[in-house]
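Geometric and topological summary
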Amino acid sequence: MEKILEQLLEQLTIEDKAALLSQIVWETTELPINELKNFLLADGPSGIRRLKEYFDEDIYNTLPTTCYPSASAYASSWNRRLLRQLGNHLGLEAKSMGVDVLLGPGVNLKRSPLGGRNFEYYSEDPYLTGELATEYILGLQEAGTGACLKHFAANNQETRRMTINAVIDEVTLCELYLRAFEKPVKVGKPWMVMAAYNQVNGEYCAENEFLLSDILRKGWEYKGVVVTDCFAAHDLSKGILRGLNLQMPGETGQRLAERIHELLQAGEITENDLDNAISKTILLSEKIQAEKKQVDFDRERHHRFAEQVAEESIVLLKNDNSVLPLCQEECIAVIGEMAAAPRFQGGGSSHVNPWKLENALEAMKGYGHIIGYAAGYHEDSTDEALLKEAESLAGKADKAVLFLGLPEIYESEGYDRTDLAIPAAHIELLERVYLANREIIVVLSNGAPVEMPWIDKVKGVLEAYLPGEAGGPAISKILYGQVNPSGHLAETFPIVLADTPAYLNFPGGMKEVCYSEGELIGYRYYDKAGKKVRFPFGHGLSYTTFAYSGFQLEQKSGDIYVKVSVQNAGQMAGYEVVQVYAGTARERYRKPVKVLAGFDKVWMEPGDTRELTLELDKKAFQSYHPETHSWENSCGIYTISVGRSVEEILWTQDVETGLEFPGPKSQGWQIDAHTCLGDMICHSDVLEILREEFASHPKSLQFLELAQMDNPLQTSMGGLMSFQNLKRTDDTLKDGDIRRIIEKINQYCHVCTCA
Ligand code: BGC
């Protein structure tokens with residue numbers, strides 16, 4: 001391949017090479033040399049957004065396609081296998097439409113529930129995001145369609161998204177925001193990665209040295225094509241040098257060629273740099289040509305699969321007195337415009353033209369006794385006639401199923417929400433229905449959390465998210481117990497906006513947004529602050545009950561496993577999502593109490609028992625060190641918990657991880673004369689060395705003992721001292737001694753940090 005590539009590069013002029021650096025929406029440049037074909041890109045990630053006319057200005061004029069639930073919905077499935085199949089279905093559809101690369105998945109974390117594109121993203125947790133997105137990518141690419149993982153990185157808001165500078169400390173960036181991309185890149189191996197619009201710590205993502213060069217190319221050894229988001233290229237030479245391959249869309253033709261000539265003449269880039277940049281696109285284009293084939297798929301089957309995805313994604317949030325499932329004989333009033341005109345997808349580049357849109361109202365008629373339908377509102381307004389009609393209908397029913405949520409204009413790419421409320425008209429409708437009927441079930445259609453000040457007035461809440469074109473039947477089956485709900489929240493539902501961790505710093509100012517909450521986003525914050533939430537991360541009810549037993553921890557060659565038996569102790573078959581969290585009390589300051597470290601989703605018939613072994617994520621026992629710029633094992637005691645949500649913990653056990661520190665030869669964090677005792681003694685072996693060494697330096701020994709006391713004042717008096725400080729009070733501790741002790745410790749091993 002290299003030889004062929006070399007020969008090809010020799011045939012290309014600078015003009016040809018320049019052309020290969022830029023994509024004209026939606027395709028790459030085709031060159032007549034050696035049949036260097038172009039390839040086609042299309043937006044996703046929940047359907048194939050293939051424009052009818054490829055250069056149509058109207059971005060909503062697209063070919064009909066299956067509209068699957070949006071990512072915030074399918075992430076709530078917590079089902080890796082489902083995500084693999086979803087990728088596969090999308091891959092086939094893309095191929096059948098001539099699309100070679102799908103611009104998705106999007107794995108940006110939900111820093112604030114206000115984020116305008118949160119519906120397109122998975123979770124507030126990087127592990128859950130990474131696990132699910134990896135499967136999606138694998139499934140897509142198995143079908144011969146490339147994934148374009150986006151938006152790399154820290155693109156967590158729409159406000160000023162094309163210019164804002166996200167200021168994030170390195171640890172937070174790596175442990176949280178980049179971690180969501182890491183497994184998808186390393187294991188999923190997407191054909192493309194999309195550099196985000198924004199700046200991170202002062203450099204645009206499309207030319208960011210840390211992101212593109214240090215992390216993506218060197219750290220994760222990414223070999224695919226890096227493309228910019230639409231119009232997100234800035235400094236072309238920096239981009240080329242740091243790992244960018246393609247501008248979308250970029251300058252074209254003569255103008256770009258002239259720029260490249262200028263850059264070459266000024267010595268800003270060499271022709272070799274240029275060749276490196278375009279080689280990746282050439283290789284991808286050849287791979288795509290080799291895999292081109294005509295495929296067909298069964299539309300109805302894909303539509304039914306969209307329904308299956310919705311069924312597994314919908315979350316039963318509240319079910320007082322088992323108000324659900326509905327019985328066939330009950331007289332049901334269906335109220336709310338969204339029952340007949342579903343809200344099923346978000347706005348912006350992910351928007352597709354659904355192949356077959358089914359609504360819940362029609363589907364419900366097939367399962368039960370619907371006594372009538374009242375719209376109750378139109379989008380986000382209502383009037384007395386609409387309210388009166390709904391109230392009167394509710395008065396005649398056994399139960400009222402109320403469809404509420406966020407109209408499409410409330411959630412889209414391009415802007416963030418400014419509050420978490422559903423429209424006042426929807427709440428007004430609920431109040432009126434409540435006057436006539438107390439058996440109310442709310443079905444919510446929204447892409448991200450909403451406040452629920454009205455929750456005490458309703459018995460049941462079904463979070464349908466944006467469930468795609470087959471959401472209607474999926475909702476109906478769950479309402480009527482044909483399907484047992486199994487979705488669990490992949491994000492926290494706060495009580496009010498002011499409770500959210502980034503409340504004071506979202507969306508930031510004119511130029512920058514400071515991620516001052518650090519790693520404590522989502523449940524990491526609520527758990528740490530002991531703040532009550534409306535519904536916690538991981539929450540989701542079922543129509544059956546599950547009994548857990550036989551918890552066991554096992555450590556094998558550095559890996560930690562949790563074993564557990566789960567029994568379906570109820571009457572209905574269903575899925576359970578088993579969640580494992582891990583945390584260490586030693587990480588006191590800006591670290592979460594616990595983080596998701598493992599999960600599995602299992603199907604059980606009534607009475608069935610499943611023995612599960614969950615391998616825990618290694619990263620849950622590691623920390624990123626800004627000194628070494630790498631992940632290192634943390635030492636000490638970890639508490640492992642198994643639960644049904646981050647709050648509903650069923651079992652906990654402490655474990656000494658026993659993880660080895662990297663050997664002395666690896667270039668880890670080294671202590672020096674300014675390292676404080678508190679940080680050093682986190683490792684018991686280092687404590688031993690200090691004890692031995694200080695035996696002949698009694699004053700230093702006193703401080704070491706203080707650092708180990710239970711009393712925090714004493715701990716700090718000792719723990720905060722460094723060799724530099726000790727030397728001032730302990731005359732026996734000479735510079736030579738200090739050098740020798742430091743060397744001994746650094747020789748021995750890496751030292752873990754305490755905070
Ligand atoms: C969005 C991307 C999308 C691209 C092409 C941009 O505005 O941020 O997610 O893939 O447009 O439509």
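Residues numbered from 1 in each chain as written. Predicted model: local features only at pLDDT ≥ 70, side-chain atom pairs only at ≥ 80, totals over all residues. Heavy atoms only, no water.

**Thoughts on the nonpolar core**
In terms of nonpolar packing, the biggest core is built from 97 residues, with Tyr 122, Tyr 136, Phe 152, Leu 178, Leu 216, Leu 596 and Ile 640 touching the most fellow members. Per-element tally for this core: the top contributor is helix 5 (residues 126-142), with 7 residues. Non-local contacts of Leu 596, meaning those with residues more than four positions away in its chain, are made with Trp 78, Asp 125, Tyr 127, Leu 128, Tyr 523, Phe 537, Gln 579, Val 580 and Tyr 581. Ranked by size, the runner-up nonpolar core spans 61 residues in total, among them Ala 73, Val 334, Met 338 and Ile 370. (Core = buried A, V, L, I, M, F, W, Y, C linked by side-chain atoms within 4.5 Å. Buried < 20%, exposed > 50% of the residue type's maximum accessible area, 1.4 Å probe, protein only. Helix = DSSP H or I, 4+ residues; strand = E, 2+ residues; numbered from the N terminus. Contact = heavy atoms within 4.5 Å.)

**Examining the pattern of salt bridges**
With the rule as written, the count across this model stands at 52 salt bridges. Residue Glu 431 is joined to Lys 457 by a salt bridge in which the shortest nitrogen-to-oxygen separation is 2.9 Å. Residue Glu 431 is located in helix 15 (residues 424-436), and its partner Lys 457 is located in the loop between strand 15 (440-445) and strand 16 (460-463); the two are separated by 26 residues in the primary sequence. Since its relative accessible area comes to 33%, Glu 431 is described here as partly exposed. When its relative accessible area of 26% is taken as the criterion, Lys 457 is described as partly exposed. Connected through shared salt-bridge partners, Glu 300, Arg 304, Glu 307, Glu 311, Lys 356, Glu 358 and Lys 477 make up one network. (Salt bridge = Lys/Arg side-chain N within 4 Å of Asp/Glu carboxyl O.)

**A closer look at the packing of aromatic side chains**
If you walk through the whole model with that rule in mind, you get 20 aromatic pairs. Measuring from ring centre to ring centre gives 5.2 Å for Tyr 177 and Tyr 515, while their planes differ by 70°; the resulting arrangement is edge-to-face. Here Tyr 177, found in helix 6 (residues 170-177), pairs with Tyr 515, found in the loop between strand 17 (512-514) and helix 17 (523-529); they are 338 residues apart in sequence, far enough to count as distant. Here Tyr 177 and Tyr 515 have matching classes, each one buried. Taken together, the aromatic side chains of Trp 78, Tyr 127, Tyr 523, Phe 537, Tyr 581 and Phe 599 make up a single cluster linked through ring pairs. We note Arg 111 situated over the ring of Tyr 515; from NZ or CZ to the ring centre the distance is 4.0 Å. (Phe/Tyr/Trp six-rings, centres within 6.5 Å; stacked < 30°, edge-to-face > 60°. Lys NZ or Arg CZ within 6 Å of the ring centre and 35° of its normal.)

**Here's the deal with helix 15**
The end-to-end C-alpha distance of helix 15, which contains 13 residues, comes to 19 Å, matching closely the 18 Å that a straight helix rising 1.5 Å per residue would cover. Within helix 15, burial applies to Ala 425, His 426, Leu 429, Leu 430, Arg 432, Val 433 and Tyr 434. Looking at the buried side of helix 15, the elements it contacts are strand 11 (331-335), helix 14 (384-395), strand 14 (399-405) and strand 15. (Expected span 1.5 Å × (residues − 1).)

**Section: the sheet that holds strand 25 (residues 637-643)**
Pairing is antiparallel across the open sheet formed by 4 strands, whose spatial order is 21-20-25-26. Where the open sheet ends on each side, the last strands, each with one partner, are strand 21 (595-604) and strand 26 (649-656). Looking at each pair of strands side by side, their axes are set apart by 20° on average, direction ignored. Two strands pair when backbone bridges link them, and strand 20 (residues 574-583) and strand 25 are joined in this way by 5 bridges, in the antiparallel orientation. (Pairing = 2+ DSSP bridges. Axes fitted to C-alpha atoms, helices over the stretch in contact; angles between N-to-C directions.)

**A closer look at the side chain of Glu 182**
Residue placement: Glu 182 occurs in helix 7 (residues 179-188). Residue Glu 182 is classed as buried on the basis of its relative accessible area, which comes to 7%.

**Remarks on the state of the cysteines**
Here the structure, examined in full by the defined rule, presents 0 disulfides. Cys 174 supplies the cysteine sulfur nearest to Cys 205, a cysteine that is in no disulfide, at a spacing of 13 Å. For Cys 205, a relative accessible area of 0% gives the class buried. Free cysteine Cys 327: the closest other cysteine sulfur is in Cys 331, separated by 11 Å. In this structure Cys 327 comes out as partly exposed when scored by relative accessible area, which is 36%. (Disulfide = S-S within 2.5 Å.)

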